Amino acid sequence: MSAVSDRLPAFPWDKLEPYKKTAAAHPDGIVDLSVGTPVDPVPEHIQKALIAAADSPGYPTVWGTPELRDAITRWVEHRLGAREVTHRHVLPVVGSKELVAWLPTQLGLGPGDQVAHPRLAYPTYEVGARLARAEHVAYDDPTELDPARLKLLWLNSPSNPTGRVLSKEELTRIVAWARTHGILVLSDECYIELGWEADPVSVLHPDVNGGSHDGIVAVHSLSKRSNLAGYRAAFLAGDPAVLGPLLQIRKHGGMMIPAPTQAAVVAALGDDEHVRVQRERYAARRTALRDALLAHGFRIEHSEASLYLWATRDESCWDTVAHLADRGVLVAPGDFYGPAGDRFVRVALTATDERVQAAVSRLTA
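Residues numbered from 1 in each chain as written. Predicted model: local features only at pLDDT ≥ 70, side-chain atom pairs only at ≥ 80, totals over all residues. Heavy atoms only, no water.

1. Here's the deal with the overall build of the chain
Going by this rule: A run of H or I in DSSP counts as a helix once it spans at least four residues, and a run of E counts as a strand once it spans at least two, with each numbered from the N terminus. Radius of gyration here is computed from C-alpha atoms only, and the compact-globule reference equals 2.2 Å multiplied by the residue count raised to the power 0.38. Per-residue accessibility, obtained with a 1.4 Å probe over protein chains only, is compared with the maximum for each type, and a residue is labelled buried under 20%, exposed over 50%, and partly exposed between these values.
Secondary structure summary: the chain contains 13 helices and 13 strands in total. In summary, the chain has a C-alpha radius of gyration of 20 Å against a globular reference of 21 Å for 365 residues, a match within 12%. Overall, the C-alpha framework of the chain stretches about 55 × 50 × 45 Å when taken along its three principal axes. Taken across its 365 residues, the chain has 55% of its residues classed as buried.

Structure representation (structure tokens):
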């Protein structure tokens with residue numbers, strides 16, 4: 001077992017514990033803006049769909065029910081503008097983090113292969129490469145990478161942690177470059193419903209991919225849009241030549257979404273209203289926190305989409321973490337997402353209205 005664990009970096013969140021204790025000692029309690037975990041209720045109609053499917057004694061299928069695949073294909077066409085999407089173009093997965101961590105292994109990558117990810121990125125992209133014994137490389141512009149050994153290129157738009165959005169033109173250029181070199185593009189689009197000052201575009205849009213899904217797969221999650229982080233519900237959409245073999249591998253591994261969750265996803269993807277309501281909640285929290293941070297002397301970069309504000313006081317991220325912890329506010333240090341983030345902090349919008357207002361009061365006092 002140690003041979004596997006030794007491949008992995010230290011779990012970064014453990015380093016935040018002392019600051020969490022400091023913040024928790026505040027007389028009015030902690031405001032935890034460090035982890036982007038939803039705090040608002042699961043919409044009632046989704047809960048009812050889960051409950052109605054609770055009597056599910058048999059094994060679910062890895063590919064999901066036909067109703068689930070129908071719901072995913074409809075949503076991909078309706079929301080992302082994709083065309084000619086069939087059941088062969090979609091694959092449910094047990095939450096997006098599981099997929100990111102194990103995809104290089106399931107693709108058969110190993111020593112000598114390279115997995116590329118943004119310089120500031122969700123740490124699990126690197127973890128997935130390490131688990132497969134592949135190399136991981138960070139980029140600012142992926143088209144400047146040496147393509148010789150590059151097998152898997154991760155895109156993330158909107159970005160976690162920065163909230164940066166890749167334009168349609170940027171995506172088109174990157175997809176064309178990757179196809180020229182036979183590199184598989186995985187586009188993590190889990191925050192695509194949360195564009196504030198930009199309108200995020202999927203790699204599945206025909207303006208980006210020229211009407212072909214060859215060599216591209218998009219990753220989507222219901223954790224943020226529908227408050228379903230606890231349900232572990234996500235899916236892939238894109239190239240059937242990639243998803244078909246993945247389906248067979250995942251069948252052997254028993255990587256299946258529970259049947260009640262599948263029913264809940266059908267309900268969630270079939271309704272836009274609860275997404276609009278949740279967006280409004282996050283928009284109000286974003287405005288309040290952004291104004292308070294600016295008033296407190298922060299500078300905010302990017303953050304045009306997603307559930308985070310990428311903020312700096314032009315000092316070590318850990319000094320900023322300590323400064324805010326003394327005020328009972330916990331945030332994530334930017335170096336969790338790569339050395340390039342060492343002077344930033346990531347401030348999540350995922351706290352209740354009451355806790356957000358508490359943070360605002362402390363920052364503007």
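2. Here we look at the environment of Ser221
Operational definition: In this analysis, two residues are considered to be in contact whenever any of their non-hydrogen atoms come within 4.5 Å of each other. Throughout this description, a polar contact denotes any pair of N or O atoms lying within 3.5 Å of each other; where both atoms belong to protein, one of them has to be capable of donating a hydrogen while the other can accept it, and for residues adjacent in sequence the pair is counted only when both atoms sit in side chains.
Among the secondary structure elements, Ser221 is positioned in strand S7 (residues 216-221). Sequence-wise, Ser221 and Tyr191 are 30 residues apart; in three dimensions their C-alpha atoms are separated by 8.1 Å. Filtering out sequence-adjacent residues up to four positions away, Ser221 remains in contact with Ser96, Cys190, Ala233 and Ala234. Among the polar contacts listed, one links the side chain of Ser221 to the backbone nitrogen of Ser223, at a separation of 3.0 Å.

3. Describing unusual backbone geometry
Residue Pro158 is reached from Ser157 by a cis peptide bond, and omega for that bond is -5°. Relative to the helices and strands, Pro158 resides in the loop between strand S5 (150-156) and helix H7 (168-180). One non-glycine residue, Asn227, lies in positive phi territory at about 60°. Summarising the element assignment, Asn227 is placed in the loop between S7 and strand S8 (234-238). By relative accessible area, Asn227 is classed as buried at 6%. Here the phi dihedral of His302 falls at roughly 50°; this positive angle occurs in a residue that is not glycine.

4. Concerning the sheet that holds strand S9 (residues 299-301)
Put simply, the rule is: Strand pairing is assigned whenever DSSP identifies at least 2 bridges connecting the two strands. Whenever a helix is involved, its axis is fitted only over the stretch in contact; in every case the axis is a line through C-alpha atoms, and angles between N-to-C directions fall within 0 to 180 degrees.
The strand order S9-S10-S13-S12 describes an open sheet built from four strands, whose pairing is antiparallel. Two strands in the sheet have a free side with no partner beyond their single neighbour: S9 and strand S12 (332-333). Bridge count between strand S10 (residues 308-312) and strand S13 (residues 345-348): four bridges; the pairing is antiparallel. Considered in S13, the bridge of Leu309 is made with Val347. In this fold helix H11 (residues 273-295) packs onto S9, S10 and S13, with an angle of close to 5° to the strand it touches most, S10.

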